[in-house]
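# Report on the structure
Next come the chains, spelled out residue by residue.
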Amino acid sequence: MRTLHDFEAPADGEVTLCEVDGRVHSTNYEFTNVNIFTNSVENYPQIHIMKDSLYSSKLGDDPKELFICVEVPFFKQLVQIYYEQGYVEMLHTAARHRKFLISNLASLLLKTINGIDNIRTIFNPTFKQSRTKIISEISLTRNWISSPIRCMAWHPDCTKIAVGICDDTVKIYQKNSTLIPILKCKQQKNIIAIEWRPMSDSEIAVACEQCIIIWNVDPHSVVTRPSVSNAIILQRSNHQPIVSIAWSPYGDTLASVAAQDSVIFVWDVEFNRTSSLKRPGSSGNSLLKWAPNGKKLFSATTTLVFRVWDCQTWKAERWNVLTDRVQAASWSPCGSTLLFATTQEPIIYALSFIKSDFIFAYDSSNSPNAAIPLYDVSKVDVEGIIVGGIVQNMDWDPAGNHLAVIFAETSYVAVFSVIIDPVLQLSPSFLVAGTPDECPCVIAFQRNFKKGACLAIGWSSGSVINLCPFRKTIFNSKLKLIRMFKSLWVFIQYWYMRYLLVTELYMVEKWERIMIHFVFFMIFCVISLLNASVVVQSVKWLSTNINPSQYSLNMLIPSEF
């Protein structure tokens, strides 16, 4: 298994900007301008997340600050606390009351609830942790609590990117536009994930601790603060804290998981209706990834178990990792391969789900028997810098040529070159370095970049998101030859299947099909031999019995002339 020793160390004191024609370009961090080397990201937005520009929660979002506190009856106060903060806080308030009966009854109820919670903790270890701590541990973002940038997502069809910020706002940046819409409402707290809706240029799902908000951002509007009245809020009482969401590739359904809920919800967004996917004895969930072809859905739990769901039958294949849980995962663009990494092992694993193109193929052979260790990303010293460790997040570019990986403890982004056919391989490409005092927190490949691949990197300083394009015009001739032969083989398989369907030979056994084809081949050979013999004998007879000199030019001219 290959290791990170195969990478070359980036230049000391320089920021990596781009890769053009296989050559990595970097410059001093005081003069970072990627347009010097390539114009592929020209007119892209310059994204600066400065701490003094963060939205303050004290600017009147809480309506209670507009009113003067007054004395209210105790029972009315309990009702208000129940509606605003829940029954647990209401019982805590009642337990502090001076009346003996009320305080004792509330204390008894609290002890009963704590006992039930302790029993639930045995089956779900994350149950008694604070929700903020749970989100921070499960999040794909490094140092989620302290990072200025908590998540980001490229639009699948347009050149615009949504950035979730630690002040619970979402800003949308677009190419060739200075207008920056800002999404903010009181329900939008502790943003964990953002997903643009496929087949739509205006809808975006924002996953928060307690709900999912579907915003509709008109790209032609000049309003920078869309109203929450136009948004759809999806919420279920026991489905919290939400930690991951995923749209189906056609945008018709949205799947979500929560760390303290064993159920996977599949939402019909327009009608606020849900279907549930669950298994007996399941614990909370931590990650969702929908395959780009829409055929499979990956879900990871907060324990050793993860599942791959068939989206046609909604049956799940259960898998177990050796230690802890799955931290990050990414599908190949064709949906046939899944890469994943765990929270304890610095290894990238691969699962292959390659199906036969034949209609009547036996399906059991399409499921892999075991995950394949693909690349060892353990911490190593590369020319004086420490690279690698436990994987925090990974992202596979839409063209399938690059895989970007960030780590939980080191400060470089590892970019791999990917070869899928004939055998899946990861090859070291280069390391992306930022300024000396920052580390990568979030990564995302642009979905509609046509000139190679474009990686957006959110750094811990929050000052800039580095757009790092990879433009490769030098291709591997061997890889092109393999792809050409694969296309030819797929073409032959297609017409062979058409032939079997037309002749109805697909209905017989394989050995019978081979025998029939052998008989047909022998008959064809015999007929060809007979035809060849007849043709050869006919030509020989004509050449011997016909004298070309008899047909001279004088014979063709009439005598009277």
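First, a word on scope: everything that follows refers to the structure included in this document. Please read all numbers here as calculations on a predicted model, not as lab measurements.

### Observations concerning the overall build of the protein chain
For the protein chain, the count of helices and strands is seven helices and 31 strands. Here the protein chain, with 561 residues, has 43% of them falling under the buried criterion. If you take every contact in the protein chain between residues at least 6 apart in sequence, the share linking residues at least 24 apart comes to 50%. When the accessible surface of the protein chain is totalled, it reaches about 31,000 Å², and 57% of it is carbon and sulfur.

### Considerations on the sheet that holds strand E7 (residues 193-196)
Where strands meet in a sheet, backbone hydrogen bonds hold them as pairs that are either parallel or antiparallel. Spatial ordering of the open sheet is given by E7-E8-E9-E10, a layout of four strands whose pairing is antiparallel. Lying at the two open borders of the sheet, with one neighbouring strand each, are E7 and strand E10 (232-234). Strand-to-strand, the axes of this sheet are offset by a mean angle of 20°, without reference to chain direction. With five bridges joining them, strand E8 (residues 203-207) and strand E9 (residues 212-216) adopt antiparallel strand pairing. Bridged to Glu 203 within E9 is Asn 216.

### A word on the packing of aromatic side chains
Applying the stated criterion to the full structure yields 13 aromatic pairs. Judged by centre distance (5.5 Å) and plane angle (50°), the ring pair of Phe 298 and Phe 306 falls under tilted. Across this residue pair, the class does not change: Phe 298 and Phe 306 are buried. Ring centres of Phe 306 and Trp 319 lie 6.3 Å apart, and the angle between their planes is 10°; this geometry places the pair in the stacked category. Residue Phe 306 is located in strand E17 (residues 305-310), and its partner Trp 319 is located in strand E18 (residues 316-320); the two are separated by 13 residues in the primary sequence. Taken together, the aromatic side chains of Phe 298, Phe 306, Trp 319, Phe 340 and Tyr 349 make up a single cluster linked through ring pairs. When the ring centre of Trp 144 is taken as reference, the NZ or CZ atom of Arg 150 above it lies at 4.0 Å. In this structure, Arg 273 is placed above the aromatic ring of Phe 271, and the distance from its NZ or CZ to the ring centre is 4.6 Å.

### Section: the nonpolar core
Formed by 32 residues in total, the largest nonpolar core has its most connected members in Ile 212, Ile 214, Ile 245, Leu 254 and Leu 297. Going through the elements one at a time, helix H4 (131-138), E8, E9, strand E11 (242-247), strand E12 (254-258), strand E13 (261-268) and strand E15 (285-290) are the ones with two or more residues in this core. Setting aside residues up to four positions removed in sequence, Ile 245 forms contacts with Ala 193, Glu 195, Ala 205, Ala 207, Ile 212, Leu 254, Ala 255, Ser 256 and Leu 288. Counting residues in hydrophobic clusters, the runner-up holds 28 residues, among them Leu 339, Val 382, Val 405 and Leu 424.

### Side note on the side chain of Arg 513
Checked against the element boundaries, Arg 513 lands in helix H6 (residues 510-545). Despite being buried, Arg 513 has no salt bridge partner; Glu 509 is the closest side chain of opposite charge, sitting 7.2 Å away. Polar side-chain contacts of Arg 513 include one of 3.3 Å to the backbone oxygen of Val 508.

### Observations regarding the environment of Pro 219
Relative to the elements of secondary structure, Pro 219 occurs in the loop between E9 and E10. With 45 residues separating them in the primary sequence, Pro 219 and Gln 174 have C-alpha atoms 9.3 Å apart. Setting aside residues no more than four positions away along its own chain, Pro 219 makes contact with Lys 160, Asp 201 and Ser 202.

### As for the sheet that holds strand E5 (residues 170-174)
Taken in spatial order, the four strands of this open sheet run E3-E4-E5-E6, and their pairing is antiparallel. Here the strands that pair on one side only, and so sit at the sheet edges, are strand E3 (149-154) and strand E6 (182-183). Direction of pairing for strand E4 (residues 160-165) relative to E5: antiparallel, over a ladder of five bridges. When the bridges of E5 are listed, Ala 162 appears paired with Ile 172.

### Notes on the pairing of strand E20 (residues 337-342)
Within a regular strand, the side chains alternate between the two sheet faces. Counting buried residues along E20, six of its six residues qualify, which places the element largely inside the surrounding structure. Neither face of E20 is exposed, since Thr 337, Leu 339 and Ala 341 on one face and Leu 338, Phe 340 and Thr 342 on the opposite face are all buried. Where strand E19 (residues 326-331) meets E20, five bridges bridge the pair, whose relative direction is antiparallel. Its bridge partner lying in E20, Ala 329 is registered against Phe 340. Where E20 lies against strand E21 (residues 347-352), four bridges are found, and the strand directions are antiparallel. Bridge pairing links Leu 338 to Leu 351 in E21. In this antiparallel pair of consecutive strands, E20 and E21, the connection spans four residues.

### Let's talk about a nonpolar patch on the surface
A grouping of Tyr 496, Tyr 499, Trp 511, Met 515, Phe 518, Val 519, Phe 520, Phe 521, Met 522, Ile 523 and Ile 527 is seen on the molecular surface, where their side chains present a nonpolar patch of about 1,100 Å² in accessible area. Listing elements by their share of the nonpolar patch, those giving two or more residues are helix H5 (477-503) and H6. In terms of residue count, H6 provides more of the nonpolar patch than any other element does, nine residues in total. If you trace the backbone, Phe 518 turns up in helix H6. For Phe 518, a relative accessible area of 48% puts it in the partly exposed group.

### A word on the pattern of salt bridges
Pairing between side chains of opposite charge can happen when the charged atoms of each approach one another. Counting across every chain of the model gives seven salt bridges. Across the salt bridge formed by Arg 2 and Asp 6, the nearest N and O atoms sit 3.1 Å from each other. Residue Asp 6 is classed as partly exposed on the basis of its relative accessible area of 38%. Across the salt bridge formed by Arg 197 and Glu 270, the nearest N and O atoms sit 2.7 Å from each other. In this pair, Arg 197 sits in the loop between E7 and E8 while Glu 270 sits in the loop between E13 and strand E14 (273-277), placing the two residues 73 residues apart along the sequence. Since its relative accessible area comes to 7%, Arg 197 is described here as buried.

How each quantity is defined
Residues numbered from 1 in each chain as written. Predicted model: local features only at pLDDT ≥ 70, side-chain atom pairs only at ≥ 80, totals over all residues. Heavy atoms only, no water. Helix = DSSP H or I, 4+ residues; strand = E, 2+ residues; numbered from the N terminus. Buried < 20%, exposed > 50% of the residue type's maximum accessible area, 1.4 Å probe, protein only. Contact = heavy atoms within 4.5 Å. Areas by Shrake-Rupley, 256 points an atom, 1.4 Å probe, with all protein chains shown as cover. Pairing = 2+ DSSP bridges. Axes fitted to C-alpha atoms, helices over the stretch in contact; angles between N-to-C directions. Phe/Tyr/Trp six-rings, centres within 6.5 Å; stacked < 30°, edge-to-face > 60°. Lys NZ or Arg CZ within 6 Å of the ring centre and 35° of its normal. Core = buried A, V, L, I, M, F, W, Y, C linked by side-chain atoms within 4.5 Å. Lys, Arg positive; Asp, Glu negative; His and termini not counted. Salt bridge = Lys/Arg side-chain N within 4 Å of Asp/Glu carboxyl O. Polar contact = N/O pair within 3.5 Å; in protein donor to acceptor, adjacent residues only side chain to side chain. Patch = residues over 30% accessible without salt bridge, like charges linked within 9 Å, V, L, I, M, F, W, Y side chains within 5 Å.

These figures capture arrangement, not role.
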